[in-house]
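As a plain string of letters, each chain reads:
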Amino acid sequence: MHLSEQDSALYYELMWALQFHVKQSLKLFPKIKTIEEYAKEVPVEDKSKVREVMYADHTLIDTFLKDNPQDFSSEKLAIVEQWKNLISGDFYIERILKKYTIFIAEDDQVYGVWGLQNDFDEMFHPSQLPLLVRAVLLPFKDKIIYDGLLQSYNIMFGGGISGSLKETYLAAKQRGTIIERFTDRHAPEPITVSAQALKDWTPELAELVARASKLRGGGGQPVVYSPVFSLIKASLELGHAATINPNDQQQLWKLLGKVEQAVRKIERSL
């Protein structure tokens, strides 16, 4: 998912104005006289230099807010002021969802990040993920965006790291701690479910587990029966464990492995 055309235009209006003001303050690129020239004619490499100085020294942002050279409204200035709370560093892009793209920081914080003018799946194919990138995340209205520049590392990850990142994402999803806005950073909003809506499925699943334990293959039956019955048992065990202790990630992953093993046996038998 990416910003609307209107919001994307607003972002660049504010960002180019801010960077141009910083450029002027630092007396860089004297031939560039207007914001429009800066946006269109200054190479990305030079913009990156301005960007790095601007993020490192927040007094430059404060000066922009005070001087307000473009006579922006208070609402627009409030957006720029929030950028002082940026998050900069290395992130793993773990997966691309319809709602946003999952960025995982080095401290295992999981962020839902929006694109600017394009969706992330237009920049990266799922086969490239997970991907390690250096990025700057910014608050924008009620969303988290990246600032338009990504530096990717040419590193391939094996199953160990990929599995660990997947587990980090799934745990955050289950706990409701995916950070979708900067106000969630220090106190993620938990997913709450009313007592009436939360049904305890443990008794039903326990009964199904007991009944499924009687399923037996072999004895002249079709070859596929045995692995299919194993899949039924493994799936019910996973469901039962999830209702008993949904936060026991280690046990759930172990039981999920049994389900995947049963699926592979079915594939071989077919």
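Everything that follows concerns the structure shown earlier in this document.
J.: Looking at this model, I keep getting lost on the pattern of salt bridges. Mind explaining?
T.: Side chains bearing opposite charge may pair, as long as their charged atoms lie close to each other. For the coordinates displayed, the defined rule picks out 11 salt bridges. One salt bridge connects D46 with K49, and the closest N-O pair in it is separated by 3.8 Å. Taken together, the residues D46 and K49, both in helix α3 (residues 44-56) and 3 residues apart, mark about one turn of the helix. Accessibility expressed as a relative area gives 53% for K49, which makes it exposed. One salt-bridge network, held together by shared partners, links K99, E180 and R181.

J.: Where do I start with α3 in this structure?
T.: Three or four residues apart is the spacing at which side chains of an α-helix point the same way, because the helix has 3.6 residues per turn. Compared with an ideal rise of 1.5 Å per residue, which puts 13 residues at 18 Å, α3 spans 18 Å between its outermost C-alpha atoms and is within 8% of the ideal. Turning to α3, its buried residues are K47, S48, V50, R51, M54 and Y55. Projection of α3 onto a plane perpendicular to its axis shows the buried side chains occupying an angular sector of 165°, all on one side. Counted as exposed and oriented over 90 degrees from the buried face of α3: E45, K49, E52 and A56. In this fold, the buried residues of α3 make contact with α1 (5-26), α2 (35-41), α4 (59-67) and β4 (131-140).

J.: What am I meant to see in the pairing of strand β2 (residues 101-105) here?
T.: Side-chain direction in a regular strand flips from residue to residue, so the side chains alternate between the two faces of the sheet. Burial within β2 is extensive, with 5 of its 5 residues counted as buried. Every second residue of β2 is oriented toward a common face, with T101, F103 and A105 on one face and I102 and I104 on the other, all of them buried. Sheet topology places strand β1 (residues 87-96) next to β2; 5 bridges connect them, and they run antiparallel. In the sheet register, I93 faces β2, and the bridge partner there is F103. Hairpin connection from β1 to β2: 4 residues lie between these consecutive antiparallel strands.

The rules behind each value
Residues numbered from 1 in each chain as written. Predicted model: local features only at pLDDT ≥ 70, side-chain atom pairs only at ≥ 80, totals over all residues. Heavy atoms only, no water. Salt bridge = Lys/Arg side-chain N within 4 Å of Asp/Glu carboxyl O. Helix = DSSP H or I, 4+ residues; strand = E, 2+ residues; numbered from the N terminus. Buried < 20%, exposed > 50% of the residue type's maximum accessible area, 1.4 Å probe, protein only. Expected span 1.5 Å × (residues − 1). Arc of directions from axis to C-beta. Contact = heavy atoms within 4.5 Å. Pairing = 2+ DSSP bridges.

By themselves, these are just geometric observations and shouldn't be taken as functional.
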